[in-house]
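# Remarks on the overall topology
Here's the letter readout for the chains.
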Amino acid sequence: MNILFVLIIGALMGGLNGVGIFFEPREPYKVEILLAAILKGILISLLTAFSLGAVSSWLRGAGFGMLYGFAFGLVIFLAKGAFKSKDAPYVVPMSIITGLITGVLLANFAF
């Protein structure tokens, strides 16, 4: 496993997931949210990479990525007040999709 690729893929996917916060004019903590999204992407990428073996398929990578993306998205969803928050319900689906893409990229390029 190439750990540098793992970290880069995670940071890029996390950044893509968090960059949408800059379109919300009322959000005062844009940079902090972007940094948290990048960290979340790196952690999802590391967990997925350590779950994959050297000969894992892209389908297995997608499955692990979705699982860990869902778990991290659920943590954020619950921490933001679940359905009481107006934007929290969108976190889980985007985390699953980001995890899926991360897992496929890791299975194809990090091993």
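### Brief notes about the packing of aromatic side chains
Taken as a whole, this structure holds two aromatic pairs when the rule is applied. Seen in terms of ring centroids, F64 and Y68 are 6.1 Å apart; in terms of plane orientation they differ by 15°. Their pairing is stacked. Of the two residues, F64 and Y68 are both situated in helix α3 (residues 58-79); the distance of four residues between them amounts to about one turn of the helix. Under the relative-accessibility criterion, Y68 is labelled buried at 17%.

### Concerning a nonpolar patch on the surface
Judged by side-chain polarity, M1, I3, L4, F5, L7, I8, L12, F50, F109 and F111 come together as a nonpolar surface patch covering roughly 980 Å² of accessible area. The element best represented in the nonpolar patch is helix α1 (residues 3-18), accounting for six residues. In this fold, F111 is placed in the segment after α4 (91-109).

Thresholds applied
Residues numbered from 1 in each chain as written. Predicted model: local features only at pLDDT ≥ 70, side-chain atom pairs only at ≥ 80, totals over all residues. Heavy atoms only, no water. Phe/Tyr/Trp six-rings, centres within 6.5 Å; stacked < 30°, edge-to-face > 60°. Helix = DSSP H or I, 4+ residues; strand = E, 2+ residues; numbered from the N terminus. Buried < 20%, exposed > 50% of the residue type's maximum accessible area, 1.4 Å probe, protein only. Patch = residues over 30% accessible without salt bridge, like charges linked within 9 Å, V, L, I, M, F, W, Y side chains within 5 Å. Areas by Shrake-Rupley, 256 points an atom, 1.4 Å probe, with all protein chains shown as cover. Salt bridge = Lys/Arg side-chain N within 4 Å of Asp/Glu carboxyl O.

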